[in-house]
Amino acid sequence: RVAAVAVLLSAITLAVSYSLPTITFARLGKARETYSIWGGIESLWEDGNWILAPVVFLFSMVFPVGKLLALGWLLTERSHSAARKKGLEWLHLLGKWSMLDVFIVGVFVAAAQLEFLSGGESTGQHLAKADSRWGIHVFTLAIVMSMLSVWLVARREGAIRRPVSHGSLRTPLGRLLATARAASLIAIFALPLLQVSLLIEKWFVKFESSNEVHLWRTNARLAREGELLLAVALGLFVIGIPILRTLCALRLRWLPGEAPLALRLARGLDAWSMVDVFGLGLLIVQVKLAELTATTLLAGFWVTIAAAMIAMAESWELRRACRRGEG
């Protein structure tokens, strides 16, 4: 079976990724620091981030492993109970949270490229620089394969899903949430997220640099720096799919008539639209960067956190409306 092979390959690549370095960070005059996924969690804990360290541990290690174990059990279990289908549906929806580490590394790499400034122009040298390593590429492959495995099994078992009366989707609350989701997504693209600055004094000379982080600029910068996998992950899961998911929601909520394709896309893309995961990743990056540099939270940061909550609320309301419409 394709799903069983994907689960096995995902488990192997996930195990390998935990032993590989995922990111290297260097500052002027200091030794390079290389972290694995476990090393990053340890660093958060040692720095006193006793809430964020368990959160990253949960989503980076406990949840991916638990998801694969649960999926393996579901593949061997022959019953077709409602509980089995419900479990598959939740695995499908929650699997995206395993991508948290990918977004943390992506934003950190883009934000930490702090270059010398001389007369307002860069000299091409770095006060601070971060680079992704092979571990994050292997980890990304493992997570995407596990998400595809869950989707294949859930689709086969009918956990994704039955016809719905479209009238149940056009409620005032649904329309409000869909509109708010669209507005917040536009604001994320337009507003800067963070301002990262670093001042180093060496040989009686002060070196200063700053970097304003935008979502779309971050994606473009990652591509320019050769971080193609991270650029694709951010571009696809935080920009492309959320835009398509939002357009489907607006079509379902505001326009008359049946739209079965838009409904299938909206429900299927919930598991791949990751503004909420990106919001949590951005929060963790800000906390870590604040220990290394001067970091200022800009309007886009708060809009991203709000957009994450709105996206989760709109997705929940859509699922609730679909359950009503199926009855």
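Residues numbered from 1 in each chain as written. Predicted model: local features only at pLDDT ≥ 70, side-chain atom pairs only at ≥ 80, totals over all residues. Heavy atoms only, no water.

Student: How should I be thinking about helix H5 (residues 100-111) in this particular structure?
Tutor: Residues spaced three or four apart along an α-helix point in a common direction, a consequence of the helix completing one turn every 3.6 residues. In this model, H5 (twelve residues) spans 17 Å end to end at C-alpha, consistent with the 16 Å of a helix rising 1.5 Å per residue. Judged by how many residues are buried, H5 sits mostly within the fold: twelve of twelve residues are covered. Turning to H5, its buried residues are Leu 100, Asp 101, Val 102, Phe 103, Ile 104, Val 105, Gly 106, Val 107, Phe 108, Val 109, Ala 110 and Ala 111. (Helix = DSSP H or I, 4+ residues; strand = E, 2+ residues; numbered from the N terminus. Expected span 1.5 Å × (residues − 1). Buried < 20%, exposed > 50% of the residue type's maximum accessible area, 1.4 Å probe, protein only.)

Student: It is not clear to me how the pattern of salt bridges should be interpreted in this structure. Could you clarify?
Tutor: Should their charged atoms come close, side chains of opposite charge can pair. Going through the model one piece at a time under the given rule, you end up with nine salt bridges. Taking the shortest distance from any N to any O, the salt bridge between Lys 129 and Asp 131 comes out at 2.7 Å. Under the relative-accessibility criterion, Lys 129 is labelled partly exposed at 23%. The partner of Arg 245 in a salt bridge is Asp 270, with the nearest N and O atoms 2.8 Å apart. Highlighted residues: Arg 245 in helix H9 (residues 228-254) and Asp 270 in the loop between helix H10 (260-269) and helix H11 (275-292), separated in sequence by 25 residues. Here Arg 245 and Asp 270 have matching classes, each one buried. Connected via shared salt-bridge partners are Arg 181, Arg 245, Arg 253, Asp 270, Glu 314 and Glu 317. (Salt bridge = Lys/Arg side-chain N within 4 Å of Asp/Glu carboxyl O.)

Student: Would you explain the packing of aromatic side chains in this entry?
Tutor: Pairs of aromatic rings are described using the distance from one ring centre to the other and the angle between the two planes. Evaluation of the coordinates by the stated rule reveals eight aromatic pairs. Judged by centre distance (6.3 Å) and plane angle (45°), the ring pair of Tyr 18 and Phe 139 falls under tilted. With Tyr 18 in helix H1 (residues 2-18) and Phe 139 in helix H6 (residues 134-157), the pair connects residues that are 121 residues apart, well separated along the chain. Judged by its relative accessible area of 0%, Phe 139 is buried. A centroid spacing of 6.2 Å and a plane angle of 20° characterise the contact between Phe 237 and Trp 272, whose relative ring orientation is stacked. Of this pair, Phe 237 sits in helix H9 while Trp 272 sits in the loop between H10 and H11, placing them 35 residues apart in sequence. In this structure Phe 237 comes out as buried when scored by relative accessible area, which is 6%. Under the relative-accessibility criterion, Trp 272 is labelled buried at 13%. (Phe/Tyr/Trp six-rings, centres within 6.5 Å; stacked < 30°, edge-to-face > 60°.)

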